[in-house]
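The chain contents come next:
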Amino acid sequence: MKRVVALVFMLTFSIGSFSQTNQIATNSQASDSSGFYTMRLNAVYCEDLLMYSYERLFPFDERLALALKGGFMIWDPFLPLAELALVSGGPKSFFEAGAGSIVDVFGGGGFFTMRIGYRYQGPKGFLFKGSAIYSPDNFILPLIGIGYAF
């Protein structure tokens with residue numbers, strides 16, 4: 001499980017570095033569009049009053065972005081979580097699909113998770129997410145999230 005978490009973080013930082021330099025190079029070309037280059041890329045949100053997350057979008061083009069998420073789940077007393085997802089669509093409605101992990105720091109284990117869902121992100125920052133998390137080891141969890149993008 002530790003290898004999965006390490007792999008997710010290494011991939012995230014290498015792709016994140018590429019995405020930010022790619023965004024700077026192409027952002028001047030995309031000034032008239034309504035895609036990922038003109039929307040708010042950072043977000044904080046709460047899902048089902050159990051999960052609290054920070055998320056950053058790294059655009060690949062106008063309709064496709066990589067989402068990197070980190071946060072925690074309130075569960076005896078808390079569990080760190082990380083996720084890497086693809087986000088597609090726009091300008092306000094998006095489809096999300098990704099994979100991540102919920103790590104049990106105190107018990108020494110964790111869960112591999114897969115997510116599929118819908119995201120609405122308004123131009124003034126309102127964020128709504130409806131999704132389901134599936135873990136082959138343990139559970140299926142439907143989630144409703146509300147937050148703010150900045």
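Rules behind the numbers
Residues numbered from 1 in each chain as written. Predicted model: local features only at pLDDT ≥ 70, side-chain atom pairs only at ≥ 80, totals over all residues. Heavy atoms only, no water. Helix = DSSP H or I, 4+ residues; strand = E, 2+ residues; numbered from the N terminus. Buried < 20%, exposed > 50% of the residue type's maximum accessible area, 1.4 Å probe, protein only. Contact = heavy atoms within 4.5 Å. Areas by Shrake-Rupley, 256 points an atom, 1.4 Å probe, with all protein chains shown as cover. Salt bridge = Lys/Arg side-chain N within 4 Å of Asp/Glu carboxyl O. pLDDT = per-residue confidence, 0-100. Core = buried A, V, L, I, M, F, W, Y, C linked by side-chain atoms within 4.5 Å. Phe/Tyr/Trp six-rings, centres within 6.5 Å; stacked < 30°, edge-to-face > 60°.

1. Considering the overall build of the protein
Inference 1: The number of helices and strands found in the protein is one helix and eight strands.
Inference 2: Classification of the 150 residues of the protein by burial places 41% in the buried group.
Inference 3: Considering only contacts within the protein whose residues lie at least 6 apart along the sequence, 42% involve residues at least 24 apart.
Inference 4: Carbon and sulfur atoms form 69% of the exposed surface of the protein, whose accessible area is close to 8,000 Å².

2. Here's the deal with the environment of Asp76
Inference 1: Relative to the helices and strands, Asp76 resides in the loop between strand 3 (64–73) and strand 4 (79–89).
Inference 2: A relative accessible area of 69% means that Asp76 is categorised as exposed.
Inference 3: Put simply, Asp76 and Phe106 are 30 residues apart on the chain and 9.1 Å apart in space, counted from C-alpha to C-alpha.

3. Quick look at the pattern of salt bridges
Inference 1: Under the counting rule described, the total for this entry stands at seven salt bridges.
Inference 2: Residue Glu55 is joined to Lys129 by a salt bridge in which the shortest nitrogen-to-oxygen separation is 3.3 Å. Residue Glu55 is located in strand 2 (residues 51–59), and its partner Lys129 is located in strand 7 (residues 126–134); the two are separated by 74 residues in the primary sequence. Across the pair, Lys129 and Glu55 agree in class, each one buried.
Inference 3: Shared partners join several salt bridges into a network, and the residues in it are Glu47, Lys69, Glu83 and Arg115.

4. Points about the environment of Ile133
Inference 1: Topologically, Ile133 is positioned in strand 7.
Inference 2: In this structure Ile133 comes out as buried when scored by relative accessible area, which is 3%.
Inference 3: Distance in space between the C-alpha atoms of Ile133 and Leu143 is 7.5 Å, their sequence separation being ten residues.
Inference 4: In this structure Ile133 touches Met51, Thr113, Met114, Arg115, Phe139, Ile140, Leu141 and Leu143, once residues within four positions along its chain are discounted.

5. What about the confidence of the model for the protein?
Low-pLDDT portions of the prediction should not be read for the details of their coordinates.
Inference 1: Here the protein shows a mean pLDDT of 83. Residues at 70 or above account for 77%.
Inference 2: Low pLDDT, under 50, characterises residues 4–32; the predicted model gives this stretch 24 contacts beyond four residues in sequence or across chains.

6. As for the nonpolar core
Inference 1: Among the nonpolar cores identified, the biggest contains nine residues, and these are Phe36, Met39, Leu41, Leu57, Ala65, Ala67, Ala85, Val87 and Phe94.
Inference 2: If you list the elements that add at least two residues to this core, you get strand 3 and strand 4.
Inference 3: Excluding anything up to four places from it in sequence, Phe94 contacts Phe36, Met39, Val87, Ser88, Gly89, Gly117, Tyr118, Arg119 and Gln121.
Inference 4: Ranked by size, the runner-up nonpolar core spans seven residues in total, among them Met51, Leu79, Ile102 and Leu143.

7. Examining the packing of aromatic side chains
Inference 1: Counted according to the given criterion, the structure contains five aromatic pairs.
Inference 2: Ring geometry for Tyr52 against Phe72: centres 5.6 Å apart, planes inclined by 25°, an arrangement best described as stacked. With Tyr52 in strand 2 and Phe72 in strand 3, this pair connects stretches of sequence that are 20 residues apart.
Inference 3: Classification of Phe72 by relative accessible area gives partly exposed; the value is 35%.
Inference 4: Between Phe111 and Phe139 the ring centres are 5.5 Å apart and the planes differ by 75°, which places this aromatic pair in the edge-to-face class.

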